[in-house]
Structure formats: C-alpha cells, structure tokens
Amino acid sequence: TRIRPSSKRCAVIGGSGFLGRHLVEKLLDKGYTVSVFDIRQSYELPGVTFHQGDLCDKLGLLTALRDVSLVFHCASPAPASDNKALFERVNIQGTKTVIEACTEAGVQKMVLTSSASVVFEGTDIKNGSEELPYAKKPIDYYTQTKIEQEKLVLKACNKDRGFLTVAIRPHGIFGPRDPQLVPILVDTARRGKMKFIIGDGSNLVDFTYVENVVHGHILAAEFLRPESPICGKAYHITNDEPVRF
Ligand code: NAD
C-alpha cells in the first residue's frame, strides 16, 4: 500500500451526502476506519462512526477528529438553496473552523471537494487546465464561496507544520442515489420545460461519474506527502470528453 496503516483513520465531513456516502463506502472497502461528521445522519453502515454536528462548531469537530490523520471535506449547502448568508457561514467561516480544528487535532492531510465552476467565466472551456485563473465574475454566490473556500484550504497547506492540503474540482456528478442532477433534469423534461435551447445547442458541460470523483479524492489523499508536487494544488476531475448540452 502507498500509505502507512496508522494513517488509515479518516473523517468525512459531509459524509451523509451524495458524494460523501460513496466516498465512505470506497474508503471502507480500502480498509480505512471512517468517521462521518454531518448535520444529519442519512444511513447506518457497520464500521462507520457518525458524529452529528454543524461544521461551524469547532468543539463538535474536535471530538470527531480525535486520532484522525486524514480529513475529506465534502460538505456544502445545496447550490439551489440560494441562501447567501448560509453559503458564507458554511463554506467560508465553516471552512476556516474546519482548518483550525484540523490543525488543533493534529490532522495531517485534508482533501477538499471544490468545484470546476471556480474557473468558469460564462463561456465554454474545452481542455481547460488547472492553470486557468479563478473566475473574476463567478456565475453565482455559491461559486464565489467555493472559490474563497478553495483558496483558504490551499493556503493552509504547510509542510513545516505537517498539514498538507489538496482540492479536487468535479463538475456535475452523476451516479446511484444522485439527489439532484439527473432527477431534476428528468423532472423538468417530464413537465415539458426542456423544449427550448439556450445558445445554439453546442454549449459544453462536463459530467463525472461519482466513482471517478471518489477515485480522484482517494488518489489525491494517498499521494499527498511532503515531497509531492500536489501539495496545496487543485485538480479538475472529469470523465474525459465534455458533452454537448
Ligand atoms: P449533498 O448535499 O448530497 O451533500 C452535502 C452534505 O453536507 C449533506 O449531507 C449535508 O447535510 C452536509 N452539510 C451541509 N451543511 C453542513 C454543515 N453546516 N455542517 C455539516 N454538514 C453539512 O451534496 P453533494 O452533491 O454530495 O456535494 C458534495 C460536495 O461536492 C460539495 O462540496 C459540493 O460543493 C461539491 N460539488 C458537487 C457537485 C455535484 O454535481 N453534486 C459538483 C461540483 C462540486
């Protein structure tokens, strides 16, 4: 294996969510011991310890992060909630709290789930690399807070203090138990509301299968070492070719 067995104790913040639960299941398969920290508990699974709490609460986090060496942060309010104060509180203030809790608890590595939309300026991007700058005019407030969140996490990467970070940027995620993307598309189509085209029908959008997103997160975690070039960097995760939409 690539990492020491002692570092196989991890926590998934947002582990009750769509992506989080897939991540938890794969981590268990790979022999990790998993704690979930989330404001809700949506399932039970042998081998998983649940900690219910708000990630803005440092004391609650510290309990969940005891003896944890690796943290995945994939919690966020739903983009559709359109609640500015909530995005700001959870994605910005909450992420600062998560970073503080991680450093206080002696966590060594953190993988953030960011979003490909952090580089989206409103025009199609094909073969976009991680060299693209952050969007100057993000498409919505959710994305603005995802940009701030990613900057905070990547800036916190500190080899001397033994805290390493990396960010993964998926776009639309699909797969089993997807609560949003495909169900909303199907529902909109059923209600006859997809009979128009925005643009000329050649707009590009990227969807990624959830297992690939999970794989990207675990690879990033396992390659995150002091000498690794991935420290403090962000990576897009895609299925290869974007689709016309
Ligand atoms: P989800 O809504 O299914 O899961 C998010 C989880 O975070 C939920 O279980 C929720 O209870 C939890 N959460 C929210 N606020 C919290 C708080 N204050 N404290 C603790 N837990 C809290 O969403 P998802 O689709 O699994 O998204 C996971 C991550 O991936 C998010 O960071 C999202 O921005 C990112 N992302 C998702 C997509 C997508 O298409 N689903 C695309 C790009 C990026």
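Calculation rules
- Residues numbered from 1 in each chain as written.
- Predicted model: local features only at pLDDT ≥ 70, side-chain atom pairs only at ≥ 80, totals over all residues.
- Heavy atoms only, no water.
- pLDDT = per-residue confidence, 0-100.
- Contact = heavy atoms within 4.5 Å.
- Helix = DSSP H or I, 4+ residues; strand = E, 2+ residues; numbered from the N terminus.
- Buried < 20%, exposed > 50% of the residue type's maximum accessible area, 1.4 Å probe, protein only.
- Salt bridge = Lys/Arg side-chain N within 4 Å of Asp/Glu carboxyl O.
- Expected span 1.5 Å × (residues − 1).
- Bend = angle between axes of the 7 residues up to and from the residue.

(A) Spatial organisation of the confidence of the model for the protein chain. When pLDDT is averaged along the protein chain, the result is 90, and 91% of the positions lie at 70 or above. Scored below 50 in pLDDT, residues 1-5 makes ten contacts in the model with residues more than four places away or belonging to other chains.

(B) Structural detail: unusual backbone geometry. The backbone of Asp82 sits at a positive phi, close to 55 degrees, despite the residue not being glycine. Relative to the helices and strands, Asp82 resides in the loop between β4 (70-73) and α3 (84-105). With a phi close to 70 degrees, Arg177 is a non-glycine residue in the positive phi region. On the accessibility criterion, Arg177 (41% relative accessible area) is partly exposed.

(C) Expanded view of the pattern of salt bridges. This model, assessed by the stated rule, comprises eight salt bridges. A salt bridge links Lys26 to Glu211, with the nearest nitrogen and oxygen atoms 3.9 Å apart. One end of the pair, Lys26, is in helix α1 (residues 18-29); the other, Glu211, is in helix α6 (residues 210-223), with 185 residues separating them in the sequence. For Lys26, a relative accessible area of 30% puts it in the partly exposed group. In this structure, Lys58 engages Glu104 in a salt bridge whose closest nitrogen and oxygen atoms are separated by 2.8 Å. You can see Lys58 sitting in helix α2 (residues 58-64) and its partner Glu104 sitting in helix α3, a full 46 residues away along the chain. Accessibility expressed as a relative area gives 51% for Glu104, which makes it exposed. Shared partners join several salt bridges into a network, and the residues in it are Arg21, Glu25 and Arg177.

(D) Layout of α3. Helix length check: α3 (22 residues) gives 30 Å between terminal C-alpha atoms against 32 Å at 1.5 Å per residue, within 8%. At Gly94, α3 shows its strongest bend, of approximately 35 degrees. For α3, every residue scored as buried is listed here: Phe87, Val90, Asn91, Ile92, Gly94, Thr95, Thr97, Val98, Ile99, Ala101 and Cys102. Elements in contact with the buried residues of α3: β1 (9-13), α2, β4, β5 (109-113) and α4 (141-155). Phi for Gly106, located one or two positions after α3, is positive at around 80 degrees.

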